[in-house]
Every structure is written in C-alpha cells, then in structure tokens.
Amino acid sequence: FHQNQSSRSFDPNQSGRSFVQNQSGRSFDPNRSGRSFAQNQSSRSFGVSDDMYQDEEEDLPVSPLRQLLDAINMSILPTSLRLSSLAQAVEFFDHRDRAMHDAELREGGAFVLYHKLGLVLRLSRCGESSVVDNESSNAGDGAMDITKKGLSGGAMNAGPSHYLSYQQSLANSLAVQQQTECDKEIAMICSCLEMVHRANPDAIAQAWDECGTEILPLLVHVLERPFQKIERAVWMALREKANVPGSLERAVAMAVTRDQKLAVQKVTKVLAMYSLVPEAKKPMCECTDMLRWLTRIIDTHNYNRVKPGAPVFGGTAGASSGVASLSGMDGGEDAKAKRLELAARATSGSGLYMTEAARFNTIATLTNLAALEANRMSMLHEAGLLDNICRAVHNERSDVPKQCSALAIMNLSNGDLDHVPEMARNDLVLETLLKLVKEENPETRRNAVVTIFNVACSDQNTVRLARYRDGTILEALVELVGSDDPVLRTHDEARANAAETIFNMSCSEISETTDRMANHAGLLECLAVTLRGEHTGLEVKMYCSATLRRMAELIKHPMIAQGALLSALVKAATWTNTDCIAEAFRAQASFRDNCVIMAHHHGLLNALSRLALTRGEGADVEKVRMASCLAIELMSRHDEARALLSQNEGIIMALTKASYGEEEREVDLRESNMSELEGSVTGFMDTSGKSGAYDEDDLSLQSRRIQVALKNLVGAM
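Fair warning: this is a prediction, and the values are worked out from it, not measured in the lab. (Residues numbered from 1 in each chain as written. Predicted model: local features only at pLDDT ≥ 70, side-chain atom pairs only at ≥ 80, totals over all residues. Heavy atoms only, no water.)

Engineer: I'm lost on the overall build of the protein chain in this one. Help?
Structural biologist: The secondary structure content of the protein chain amounts to 37 helices and zero strands. For the protein chain, the residues scored as buried account for 49% of the 717 residues in total. Counting contacts in the protein chain only where the partners sit at least 6 residues apart, residues at least 24 apart contribute 78% of the total. For the protein chain, the computed accessible surface area is about 33,500 Å², with 51% contributed by carbon and sulfur atoms. (Helix = DSSP H or I, 4+ residues; strand = E, 2+ residues; numbered from the N terminus. Buried < 20%, exposed > 50% of the residue type's maximum accessible area, 1.4 Å probe, protein only. Contact = heavy atoms within 4.5 Å. Areas by Shrake-Rupley, 256 points an atom, 1.4 Å probe, with all protein chains shown as cover.)

Engineer: Explain the pattern of salt bridges here, please?
Structural biologist: Pairing between side chains becomes possible if they bear opposite charge and their charged atoms approach one another. The tally for this structure, following the rule as stated, stands at 25 salt bridges. A salt bridge links E525 to K571; its shortest N-O distance comes to 3.0 Å. Of this pair, E525 sits in helix α27 (residues 523-531) while K571 sits in helix α29 (residues 562-571), placing them 46 residues apart in sequence. (Salt bridge = Lys/Arg side-chain N within 4 Å of Asp/Glu carboxyl O.)

Engineer: I'm lost on the environment of E525 in this one. Help?
Structural biologist: Taking the relative accessible area as the measure of exposure, E525 reaches 43% and is therefore partly exposed. Considering only alpha carbons, one finds E525 and K571, 46 residues apart in sequence, at a separation of 8.2 Å.

Engineer: What should I look at first to understand the packing of aromatic side chains in this one?
Structural biologist: What characterises a pair of aromatic rings is the spacing of the ring centres plus the angle enclosed by the ring planes. Within this structure, the stated rule accounts for four aromatic pairs. Ring centres 5.4 Å apart and planes at 55 degrees place the aromatic pair W208 and Y274 in the tilted group. Of this pair, W208 sits in helix α10 (residues 201-240) while Y274 is found in helix α12 (residues 258-274), placing the two residues 66 residues apart along the sequence. Y274 shares its class with W208; the two are buried. (Phe/Tyr/Trp six-rings, centres within 6.5 Å; stacked < 30°, edge-to-face > 60°.)

Engineer: Would you explain unusual backbone geometry in this entry?
Structural biologist: Negative phi characterises most residues that are not glycine, and trans characterises most peptide bonds. L77 connects to P78 through a cis peptide bond whose omega is 0 degrees. Along the chain, P78 falls in the loop between α5 (64-74) and α6 (79-93). In this chain, H557 is followed by P558 through a cis amide linkage whose omega measures 10 degrees. Topologically, P558 is positioned in the loop between α28 (538-554) and α29. Of note, the phi angle at D289 is positive, near 70 degrees, even though the residue is not glycine.

Engineer: Would you take a moment to explain the packing of helix α19 (residues 385-395) against helix α20 (residues 399-413) for this structure?
Structural biologist: The description of two packed helices rests on the angle between their axes and on the distance between the axes. Across the interface, α19 lies against α20 with an axial gap of 8 Å and an inter-helix angle of 150 degrees. Judged on the interaxial angle alone, α20 and α19 are roughly antiparallel. As for how α19 packs across α20, the hand of that crossing is left-handed. Along its contact with α19, which presents L385, L386, I389, C390, A392 and V393, the element α20 presents K402, S405, A408, I409 and L412. (Axes fitted to C-alpha atoms, helices over the stretch in contact; angles between N-to-C directions. Parallel < 35°, antiparallel > 145°, perpendicular 65-115°, else oblique. Left-handed = near helix turned anticlockwise from the far one by under 90°.)

Engineer: Is there a simple way to explain the side chain of S506 in this structure?
Structural biologist: Its place among the elements puts S506 in helix α25 (residues 492-506). Judged by its relative accessible area of 0%, S506 falls in the buried class. Only 2.6 Å separates the side chain of S506 from the backbone oxygen of F503, close enough to count as a polar contact. If near-sequence neighbours (up to four positions away) are discounted, S506 is found in contact with T514, M517, T547, R550, M551 and L554. (Polar contact = N/O pair within 3.5 Å; in protein donor to acceptor, adjacent residues only side chain to side chain.)

Engineer: Is there a simple way to think about the packing of α27 against α29 in this case?
Structural biologist: As a packed pair, α27 and α29 sit with axes 8 Å apart at the nearest point and diverge in direction by 5 degrees. Compared by their axis directions, α27 and α29 come out roughly parallel. Every residue of α29 that contacts α27 at L524, E525 and A528 is listed here: A564, L565, A568 and K571. Here the residues of the contact of α27 with α29 sort into five nonpolar, no polar and two charged. (Nonpolar A, V, L, I, M, F, W, Y, C, P; charged D, E, K, R; others polar.)

Engineer: Can you help me understand the side chain of S659 in this one?
Structural biologist: Looking at where S659 falls in the secondary structure, it is placed in helix α35 (residues 649-659). With residues up to four places along the chain from it excluded, the contact list for S659 reads I706, Q707 and L710.

Engineer: Help me out: how do you make sense of α27 in this one?
Structural biologist: Every α-helical turn comprises 3.6 residues, leaving residues that sit three or four positions apart pointing alike. In terms of burial, α27 is largely enclosed, as seven of its nine residues are buried. Residues of α27 that are buried: L523, L524, C526, L527, A528, T530 and L531. Its buried side turned inward, α27 meets α24 (472-481), α25, α26 (511-519), α28, α29 and α30 (580-589).

Engineer: Explain the nonpolar core here, please?
Structural biologist: By size, the foremost hydrophobic cluster in this structure holds 179 residues, and its most contacted members are F93, Y114, L117 and L548. When neighbours within four sequence positions are excluded, L548 is seen to be in contact with L524, L527, A528, L531, L565, A568, L569, A572, I581 and A584. (Core = buried A, V, L, I, M, F, W, Y, C linked by side-chain atoms within 4.5 Å.)

Engineer: What is the right way to look at the environment of V449 in this model?
Structural biologist: Looking at the secondary structure, you find V449 in helix α22 (residues 442-455). According to the relative accessible area criterion, V449 is buried, its value standing at 0%. Along the backbone, V449 and A496 are 47 residues apart, and their C-alpha atoms lie at a distance of 9.4 Å. The contact partners of V449, leaving out residues within four places of it in the chain, are V437, L477, L480, A494, N497, A498 and T501.

Engineer: Honestly, the state of the cysteines in this entry has me stumped. Any pointers?
Structural biologist: Note: disulfide means a covalent bond formed between the sulfur atoms of two cysteine side chains. Considering all chains together, one arrives at zero disulfides under this definition. The cysteine C544 is free of any disulfide, with C526 supplying the nearest cysteine sulfur at 6.7 Å. Accessibility expressed as a relative area gives 1% for C544, which makes it buried. (Disulfide = S-S within 2.5 Å.)

Engineer: Got a minute to help me understand the environment of V455 in this structure?
Structural biologist: Along the polypeptide, V455 turns up in helix α22. A relative accessible area of 2% places V455 in the buried class. Separated by 34 residues in the primary sequence, V455 and P421 place their C-alpha atoms 6.8 Å from one another. Excluding anything up to four places from it in sequence, V455 contacts V420, M423, A424, N461 and L465.

Engineer: Is there a simple way to think about the confidence of the model for the protein chain in this case?
Structural biologist: Detailed reading of predicted coordinates is not advised where the pLDDT is low. Confidence in the prediction for the protein chain averages 79 pLDDT; 72% of positions are at 70 or higher. Low pLDDT (under 50) marks residues 139-159, which in the prediction has nine contacts with non-local residues, meaning those over four places away or in another chain. Contacts from residues 673-694, a stretch scored under 50 in pLDDT, to residues over four places away or in other chains number 35 contacts. (pLDDT = per-residue confidence, 0-100.)

As structure tokens, then:
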C-alpha cells in the first residue's frame, strides 16, 4: 500500500543533480567558505598560510547531503531563509533510490527535520493564539459600540472607533499571513519527512528506535491543526451568522487550506511506515489523541450529502468530541444544546476535507496497529473509529481503501484472549460485512468471512447474526458456499471460511440461532449439493457434512425443517469420506417419532442402504457402514417402519452383509478403533455421544442388535 501510494505522487528523477548544480553555483560551497575563514584567521592570529587550509579542506570534502542538512539546521530566522532551504531540500529528497534514503536517515535527516518541525509548530502556536484573540475581540466589538452610542450619541467616538477597527484588522491580517507561511513551511517539512522515509524497513526501524516515541506528539499536533481550525471557524460562524442557512458548511469548507491537507497527507504516510515497525505499534496506539485525530481523518459520515443514496448509520461521536468547547458560549441551556447540535452536524464528516490519500494512509495505519493484540480493545473503545472504517467501504471510490478496511475490521474482530468484540450489535458493521462478502477481490471476501467467523465465536453474537435483516448474513454465507464455479477457484479459501462459519453457528447453545438456521430457506439443501460438487475443495465438504450432522441432532418431529433435512441427507448420501452423513441418519433414527417419517420419506431407504453397502476398505469406510446399519436397526424397532424396511431389497442385503460378513473386516474395525484416529480423521468434535470408537463389548453388542433387526425384518416379510 505504502509503495503504491508514494509511487503515484512523486517524480523519482532529476532531484539529486539539480540540487548539486544549484548548490555549486549559489551559496553552499564549502571550499570557498573555508578559504575565507582561513584567510581571516591567518591574517589575525595564527600566521598559517592559505594553501595549508586549502589542502586540508580538499582532503575532507563535505557531501551534498551533509551540506544540505547543515543549511536546514542553521536556517532559523527570517522565515524566508527557512523556506528557501526547505525548497532545496524538497528538490533534493524527491527520488526513489532506497539506498540513498537509507543514507539520509543514517546521516540524521529525520532528526534535523523533526527539530525544524518543532520550531515551526511553536511559532505557529503563537500566531494561532493572536488570531484567536483578534477574532474574540472583533466578535465583542458590536456590543461595545452599541453601548457607547447609547451613552454619547455615537458621533464623538466615531474617529477613534474606526482607527481601532483598522488597527485590529491590520493585526489580524498580519497574523493570518503568518499562519499561511507557517502552514506552507509545515507542509514542506512534512513532505521532506515523507521522502526521507521512503527507505528500507530496516532503516525506518532504526530511525524509530532512535527518536520514535519523542516525535509522536509533534506528528499528532500536525494532524490536529486543520480540525482545530474547523472548530474555530464553526465557533465564529455560530457567533456571527448562526441564522444564515449553509453558513456553517461554508465556514468548514473554507477553513482548511491546501497546505494543511498536504501536511496531514504526508504525516499519515509517515505514520503508516512507522506502524509497520513491531516496536512502534503499542506506543503509537497509546500516544495521547493519536487515535482521536486518526478517527477524524477518516470520518466521511456526511458523504451522503455529496453522493445521494449512500447508507447512513450511527451518530457523530467522533465529531461531537471536537466541539465540546462550544458549550461555554453565552446563552441558556437550550441555546447551548442547539449550538452543540449544529456544530456537531457541521463538523461531522470532516474527513471529506482531507485528501483521499490521507484517508487511505490512515486506514493502513489503523490496520497495522490493530494487528497487535494489545491494541485492539483500546481501538474498539475509541468513539467512532470502527464506524468510520466501515464508512470507508461505502464511501471511498477506490477499491484499495475497501480492501484495507476489510483487513482492519478483521484484525479488530480478533479481540484478545479475554474478549470477543460484540460487533454484531452494530448494524453498520454488519451491513459493511455484507458488502465486503460480495466483493470481487478474493482477499477482501476472505477477510469479511473471517470477521463473521470471529464474531460468531460468541453465542450472543450468533443470535444477532442470524436475526439481522431476516437472515441476510446467512444467505450471503450460503451463496458463497454454494458457488461451485470452476472458473472462480480463487475464492476456495473464502468458501472454506464461510462453511466453517456456518458450522460454528450451528454449534451455538442458543436454540433461536439453530432454529433460524434450520428454517432458513435453502441452507440445508445448499450444504447437501455442495457435497456433490465436482470443483469443491475437501475442506469445504468436510465442514458441510459436519453441519448436516449437527443439524440432524437438533431437528426432530414435529419441526417444520425435518422434511428439508431428510431431503438434504438423501442428496448428501454420496459422501463417504467421513461418517458424518451416516451418523446424521443414525441421529435422526434415535428419535422414535422420526422413524416412521424417515421410512416414508422418498428415497431415504435407498440412500441409507447405499451407505450401508459402501465399498472399500479402511477404518473410515467401516465406520460409515456400521453407523448406517445401526440407523436401520433403530428404525426397525418401530412396527410401521419395520414393515417398510422389510420390503426394501437394499436394506435386507445391507443387514445380511453386516451380520454375516467376513471376520477379517471385524478384526480390522477393532484394531482401528483402538488406534488414535478417533477425532483426527474428520477434524470435528463427535457430538452424538454414541458414535466414535467402540470397544470389543460394544462391537459384539452392535453385531447382535443388527442380527436381531435382520431377524425381525425377515419375520415381517
């Protein structure tokens, strides 16, 4: 992400040559300055010849990089001198040679620029305070003039009043001009910082180790400057033009300058680079107001004002936190509340006034910070952070921020060892996940499905997932699992994650979740059809078969979903890689009321007999045959079902083979059940309580039961 972002912004050529040429002809010639110093010293004190100093300086040449950094470091006053040296630095650092950027960081380029940034920020604070004082005094002039006119008629004070007004406007214009110069200088410094950090990761990590935590407050202050200016503009608009329609929106739009936007864009790029350093993740997240301003940068809450039909969710938590200072304005409680509401509405969506690159860099930074487990819960507790990440999916035009947002949401959904984030309470998050699941990019779909899986690890969350928009999330998962297209083989991982999520939800202990899943139209049939797919991966099929087995343990007569379940099991009877489908039949037959319904269901006896007559050798195949025969034995205990079973040729043949089969097969089964393959073959937990490994007594008892069942069926013929 960072490489692509930087490659779209800067020209990699011509910078180094032009700076060297300019320096050699303008002002930074080390040889010339050294000779003049040597000449003065020799003539005054030391009596050393000029040739000696010239020879020494020729032996120790000064590199153009060191020369430039010294020039920047020594440029303090006036402002024009600093701007001139920074202009040359921008031209010098603007290239794509990582080795040269590594050298710039080793030479101390970041230290010099951060030092200069701290100086300019200090100067800008003084200018900002004078601007605020002038604005406050101008806001109070009206009432003062009215008082004077009421007392003296207004004529005698006309001259001095106009003179004071002129002086105040002049001072205000000078302060504004100074702020404009500071904005430009800060933008140039931040541009240079971004350029020198185009280095290799090792060099960036070294730079962070040397000065990282101490420079974070400087970068945070650069981020907050445009938003503080927006708040001052709203404050002034509420004082002067509170009743003018659209005045607040115009004030906010005109508050942020181009240089401030550029500075924020460059600083977010530097933060994105630092966030890749493992040691930097936690200090960045714990830095005061860091998450607050990063959240404001990606706040596109009012994007629907520009783009009709965009979804609107949630409130303005991130914006309202920035206008709390307006509560101190004059007026009653109702007036204060109204001003706060108007200000929150005007400042919400302030990220729209930042550049798209700044918003993307911020999302990338938050994504990298959320990769650290210790940061996730504090990030989730930051007001508006998760909502604004979700809004980027709906509002950004480029696909890259959407992909990065999907990864950020997935990282946050992991929570920590003690907490599962309750994201299912947030409708905006669920709507965002629905949108991401349908994206064409396979990695984006996979991240969205993993997020749903993480959320579904909590039983309370599974209920909300199943309820949301009457099963819309379930439908999206079913569509993804059932998309057996040989052309789209790139989404196999997303299909496996979706199948695992459905299985995870089916294991919920809350009956409402499983009931909604059982009654969801097409879910059970999709699982069965997926088991017969030619282009479906083995992992997907294993999760689908396990889900059918789990649902068979829960659905029974007189539930409406039993018919759909039996039809799905009939279609899925071709699956013999594991014993899940055979155990599903057995689980259904364990309920006495189900036996007659199963015997009457179209095709069920034939499917069950095919499972019982499965060909092949090995422990897995033997388990399939045994579970199927035990299901037949359970059904044969019911008189009405027994009559139907006795008329099916496949059932009689299966029980006959199971009763009088080869003895070697029984020995193999005993040996396999004594091995350590009990749960490792399928990878799923055994939920029936009766299936799994059998000891010798169980095997003999089951064989006896099958023989009795065969005898009863023969007697019923």
